[in-house]
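Residues per chain are reported as follows:
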Amino acid sequence: MALKQRNTAQANVMHTVQWLTLFCVILLGTVPLILAILRLWSVTQVSPLEALRHFPEQIGAMDALRFTLIEAFLSTLLTVVLGLPVAWSLGRYQWRGIRSKRALFYLPFVTPPIVAAAGFLALISPGGLFSSFGLDLRGETGFIGWLAETTGWQHPGHMIALVLAHAWFNLSLMIRFVEPVIAQLNPAWEEQLMMLPKGQSASGRIRHLWLPVLGPSVAVAATYAFFFSFTSFALVKWLTPDFNTLESLLADLGGSAGIYNYRVDTSLGVLAIAGLQALLMLTILAGAGFLERKHTMTISIHEEHTNRKKRGTPPLKSRFIVYLLLLASMLPFVSVVVASFRTRATSQNGHTEFHWTLEGWQRAWTGDASTLTLLEALQNSLVYAALTLVIALPIGYILASMFHRLENNGKKRLASLLDTLCMIPLSASAVMVGLGVLLGLLRWYPELFMYRYLPVLPHVMLVLPFLVRMLRPAFSRIEPAFEEQVRLLNLPPLQSWWHSKGASMMAPLTMAASLCLAFSLGEFGATYLLIRVGSWDSLSIMVDQLLGRPKFDPLIMPTAMAVAASLMLTTLFVLWLSEQLRMKQGDAND
Amino acid sequence: MIELKNLTKAFDERTLFNGLNLRCEKGEIVSILGPSGCGKSTLLRICCGLIEADAGERWTDDGIIENGVISPTIAMLFQQPVLFPHLNVGRNIALGGGNEISKNELSKQVTAVLNFVDMPGTEGKNITTLSGGEAQRVAFARALLQSPNVMLLDEPFASLGLEQRHRLARDTRKRLKSRSITTIHVTHDEEEAVIMADRVISWKELLSSSQTIPTPMKEDEQAVDSEE
């Protein structure tokens, strides 16, 4: 009797902790947003629904909406066009070191957006790789200038750069969603179809096999690519300075919004734009969710290793595609590092020349009157990242285990409803979450401006949905027999947890921890809105500040690139370390 | 011994058994023979306390065991051996040892039990390198280390080939008998049931609680008895 009571009591405590955590997370995710809406409502005296009707009247709003939709559509299209052949080639054949190749393709997605912006700026700026090939996407001279003149297209170079950057950033989504389907699809399907009259031609096989099988996963990847291009901020800010997306317009207006009797138009603008953006984002996410469910129903998986072995080594065409895009994926990283050593100078005959120096790194190291030193900013970034990790990881674990438990107990609908509630910050962009904290908390309690760890709050809110998404499937993969076996072995609680769940969860937890750190290190949108004291700047804010300074100082660009390179290397080090730990755990398990 | 009295279990609207009775004497091996999906595994899970019965009682030599409580004196082998991938053979088996035993003592016991299941010197082996039969023997060794009074075998040889299945069934029987462990074994293979058991009960008979008369003692038991 006592044993049963003890077990029941333990389970009750665990369930109470789970529900309390969920309550706090939902509170954390919704209260700032609700308070922000109330603040704007109170300042403008216009309800959020009514504000939506005022959207077309807001200055720049319609242009921003048009630009957002166009750039997101083009970025998605390019992502699919480039990503599909890579996913096909990677998934179909037996590659040597496929894990490293995949990891390299995934790198852009976990790269801080401000580093990506710096990398593309370095590529397209004078002296960069693109301009050395005569493609001036920044200054828009030569072919791009001709294109602008003949078509009347405003700043085509900027748009091309942005679309390229988004495709580079989102390429991993295609590999993540499409490659496993190709790799694991039962080859008997294709073989059977080849024996049938309708499957004898390649077009027949595309129509009757590949389109229905790959279609949903391509659509899921494309929807997410659209979503991320839609909400991209740092890349838009720096690659298309003459255009606004809804996100960047919100960031521009946000600073002066929510103040009584001051620029009420900006408050109305924020209310209207954020409202429309939230509606559009919810629609996109709902679409992605629907496609994902369809995707899981469609595929029938088969042993990946056997499939690859059967198809053998990749043909030349596939090698060319994979290696070319791999090389292209690495270019922005290399460009950031190279640009950090390249200093501009004017020659005696007035031409611009570039010299290789360490001055950019020296300036970054020592800082100046208006920026921190590299080490100070790094320290700030690491503190924010560590705090985000310490708070978000246990919460993510508790929530994922709770949703898994509910699902296992037949409460799938409740699990899915609660999961959706936790995803609220995901359906708001980084800038919107930052604005939520700014308008929802800081405008009501301005003294919070003096709390230096405030950016940790949006970091936690933004990373949590990803953590839950990452850990929940890991819980489902745990062999349920382990739990039964440890119960039968009558092990102490901690040992029971370790052998039934802990050991199996170590690899996903390590990956989740690295995601937390990498995300916080690179977070830009929310941090940009919340850090108001210079000495609290993170590395990403420092890069932004440096890029924003007048370029007559030749050391500005190399200094910005040196800081961006430091942020990139720190993030890569975190990811590398977690991969090493994960592999070590794998070895230990072997 | 283990005795099940008036056990009842239903899932949704399907009643698996209603008022089921079964008694196994100390050291007796009983095989329950029934088709897949009839509820044999559920019965074993209730026996060991992994799931609760809707009604009825479980009794062992130590008295009644509360519904849904796992007794340390009952061990169970699953159809697929449950070995933890993060532990090697020796450490998997060591989980069956008591917490109060010293490391050295536990290590000796692991070695002994591995010898007992004819797998000497495999303590450091990676479990992913084991064959199906070896993995099941490791799981069996771990269960033995628990020093159970009752062993529940849920089609433990089902995933093996016919010849290996029957050989392992013979070995297992010998080992259970040598330790006088009361055993309930469920299977859908009649031949395996006959090899393993002192008494074979069909699921249908069990449901009507009209248990078969014990089959005569086998030759190997007679040999063991005469040795004792």
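Residues numbered from 1 in each chain as written. Chains lettered and ligands numbered in written order. Predicted model: local features only at pLDDT ≥ 70, side-chain atom pairs only at ≥ 80, totals over all residues.

## What about the overall build of chain A?
Thought 1: If you tally the helices and strands in chain A, you get 26 helices and two strands.
Thought 2: Referenced to the eigenvectors of the C-alpha coordinate spread, the extents of chain A come out at roughly 85 × 65 × 50 Å.
Thought 3: Looking at the 590 residues of chain A, the share that counts as buried comes to 45%.
Thought 4: Here the contacts in chain A between residues at least 6 apart in sequence split such that 80% fall between residues at least 24 apart. (Helix = DSSP H or I, 4+ residues; strand = E, 2+ residues; numbered from the N terminus. Buried ≥ 20, exposed ≤ 12 C-beta atoms within 10 Å, placed from the backbone. Contact = placed C-beta atoms within 7 Å.)

## Details of the overall build of chain B
Thought 1: On a plain count of helices and strands, chain B comes out with eight helices and nine strands.
Thought 2: C-alpha atoms of chain B, sized along the principal axes, occupy 45 × 35 × 35 Å.
Thought 3: Residue burial in chain B is summarised as follows: out of 228 residues, 42% are buried.
Thought 4: A sequence separation of at least 24 residues applies to 69% of the contacts in chain B between residues at least 6 apart.

## Remarks on helix α25 (residues 539-547) of chain A
Residue pairs spaced three or four apart in an α-helix point in one direction, given the helix's 3.6 residues per turn.
Thought 1: Among the nine residues of α25 of chain A, eight are classified as buried, and the element is accordingly described as predominantly covered.
Thought 2: Residues of α25 of chain A that are buried: L539, S540, I541, M542, V543, D544, L546 and L547 of chain A.

## So, the pairing of strand β7 (residues 150-154) of chain B
Residues and elements named next belong to chain B.
Thought 1: Of all five residues that make up β7, five are buried, and the element is covered over most of its length.
Thought 2: Burial along β7 is two-sided: V150, L152 and D154 and M151 and L153, pointing in opposite directions, are all buried.
Thought 3: Summarising the sheet, strand β6 (residues 74-77) and β7 pair through four bridges and their orientation is parallel. When the bridges of β7 are listed, I74 appears paired with V150.
Thought 4: Note that β7 and strand β8 (residues 182-187) share five bridges and pair parallel. When the sheet's bridge partners are listed, M151 is paired in β8 with T183.
Thought 5: After leaving β7, the chain enters helix α5 (residues 162-178) and then returns to the sheet as β8, a path that is right-handed. (Pairing = 2+ DSSP bridges. Right-handed = clockwise from strand over helix to strand, strands pointing away.)

## What to know about unusual backbone geometry
Thought 1: With a phi close to 50°, H155 of chain A is a non-glycine residue in the positive phi region.
Thought 2: Position of H155 of chain A among the secondary structure elements: in the loop between α7 (142-151) and α8 (156-184).
Thought 3: Given 18 C-beta atoms within a 10 Å radius, H155 of chain A is considered partly exposed.
Thought 4: Backbone geometry places E155 of chain B, a non-glycine residue, at a positive phi of 40°.
Thought 5: With respect to the helices and strands, the residue E155 of chain B is situated in the loop between β7 and α5.

## Side note on the sheet that holds β6 of chain B
Residue and element names in this part refer to chain B.
Thought 1: One open sheet holds the five strands; their spatial order is β6-β7-β8-β3-β9, and the pairing between them is parallel. The open sheet has two edge strands with one neighbour each: β6 and β9 (199-202). This sheet shows a mean twist of 15° between the axes of neighbouring strands, independent of strand direction. (Axes fitted to C-alpha atoms, helices over the stretch in contact; angles between N-to-C directions.)

## Some details on the packing of helix α3 (residues 103-116) of chain B against helix α4 (residues 132-145) of chain B
Each pair of packed helices can be described by the angle between their axes along with the distance between the axes.
Residue and element names in this part refer to chain B.
Thought 1: Axis separation between α3 and α4 bottoms out at 9 Å; the angle between their running directions is 130°. By the angle between their axes, α3 is oblique relative to α4. Where α3 crosses over α4, the handedness of that crossing is right-handed. Side by side, α3 and α4 meet where Q109, V113, L114 and F116 of the first sit next to A141, L144 and L145 of the second.
Thought 2: Per-class residue counts for the contact of α3 with α4 are six nonpolar, one polar and no charged. (Parallel < 35°, antiparallel > 145°, perpendicular 65-115°, else oblique. Left-handed = near helix turned anticlockwise from the far one by under 90°. Nonpolar A, V, L, I, M, F, W, Y, C, P; charged D, E, K, R; others polar.)

## Some remarks on the pairing of β8 of chain B
Residue and element names in this part refer to chain B.
Thought 1: In terms of burial, β8 is a largely internal element, six of the six residues being buried.
Thought 2: Of the two faces of β8, both are covered, the one formed by T182, I184 and V186 as well as the one formed by T183, H185 and T187.
Thought 3: Sheet topology note: the strand β3 (residues 29-33)/β8 ladder contains five bridges and is parallel. Paired with I32 across the two strands is V186, which belongs to β8.

## Side note on the nonpolar core
Thought 1: By size, the foremost hydrophobic cluster in this structure holds 165 residues, and its most contacted members are A118, L250, C516, V543, V563 and A564 of chain A.
Thought 2: With 19 residues, α8 of chain A is the largest single contributor of residues to this core.
Thought 3: Sequence-distant contacts of V543 of chain A, defined by excluding residues within four places in its chain, comprise I114, A118, A560, V563, A564 and L567 of chain A.
Thought 4: By size, the runner-up hydrophobic cluster in this structure holds 62 residues, among which are I29, I127, L152 and L176 of chain B. (Core = buried A, V, L, I, M, F, W, Y, C linked by C-beta atoms within 7 Å.)

## Observations concerning the environment of M281 of chain A
Residues and elements named next belong to chain A.
Thought 1: Mapped onto the elements of the fold, M281 is located in helix α13 (residues 264-298).
Thought 2: The class for M281 is partly exposed, based on 19 C-beta atoms found within 10 Å.
Thought 3: Sequence-wise, M281 and T245 are 36 residues apart; in three dimensions their C-alpha atoms are separated by 14 Å.

## Quick word on the sheet that holds strand β2 (residues 14-24) of chain B
Residue and element names in this part refer to chain B.
Thought 1: An order of β2-β1-β4-β5 is seen for the four strands of this open sheet, with the pairing classed as antiparallel. In this open sheet, the two edge strands, each paired with only one partner strand, are β2 and β5 (63-65). With strand direction ignored, the average angle separating the axes of adjacent strands in the sheet is 25°.
Thought 2: Pairing geometry for strand β1 (residues 2-11) and β2, over seven bridges, is antiparallel. Following the sheet pairing, A10 is matched in β2 by T15.
Thought 3: Against the sheet, helix α1 (residues 40-48) makes contact with β1, β2 and β4 (55-60), and its axis sits at roughly 125° relative to β1, the strand it touches most.

## Remarks on the packing of helix α5 (residues 113-124) of chain A against α8 of chain A
Residues and elements named next belong to chain A.
Thought 1: With their axes 11 Å apart at the nearest point, α5 and α8 run at an angle of 130° to one another. With respect to each other, α5 and α8 are oriented oblique. By crossing handedness, the relation of α5 to α8 is classed as right-handed. Here α5 contributes A116, F120 and I124 to the contact with α8, which in turn contributes A161, A165 and F169.

## Some points on the environment of A118 of chain A
All names here are of chain A.
Thought 1: Locating A118 in the fold gives a position in helix α5.
Thought 2: As a C-alpha pair, A118 and A234 span 116 residues in sequence and 9.4 Å in three-dimensional space.
Thought 3: The residues touching A118, leaving out its near neighbours within four places in the chain, are V336, V543, L547, A560, M561 and A564.

## Focus on the confidence of the model for chain B
All names here are of chain B.
Thought 1: For chain B, mean pLDDT is 85; residues scoring 70 or higher make up 91% of the total.
Thought 2: Here residues 210-217 scores under 50 on pLDDT; set against residues more than four positions off or in separate chains, the count is 13 contacts.
Thought 3: Note on residues 222-228: pLDDT under 50 across the span, and three contacts to partners over four residues away in sequence or across chains.
Thought 4: Scoring the predicted complex yields pTM 0.77 and, for the interface, ipTM 0.70. (pLDDT = per-residue confidence, 0-100.)

## Focus: helix α15 (residues 316-340) of chain A
Residues and elements named next belong to chain A.
Thought 1: Taking 1.5 Å of rise per residue, the 25 residues of α15 would be expected to cover 36 Å, and the 36 Å separating its terminal C-alpha atoms lies within 8% of that figure.
Thought 2: The largest bend in α15 is about 35°, located at L331, with the proline P332 one to four residues further on.
Thought 3: Those residues of α15 that fall on the buried side of the exposure criterion are V322, L325, S329, P332, F333, S335, V336, A339 and S340. (Expected span 1.5 Å × (residues − 1). Bend = angle between axes of the 7 residues up to and from the residue.)

## Points about the environment of V486 of chain A
Thought 1: By secondary structure assignment, the location of V486 of chain A is in helix α22 (residues 480-489).
Thought 2: The exposure class of V486 of chain A is buried, given the 21 C-beta atoms found within 10 Å.

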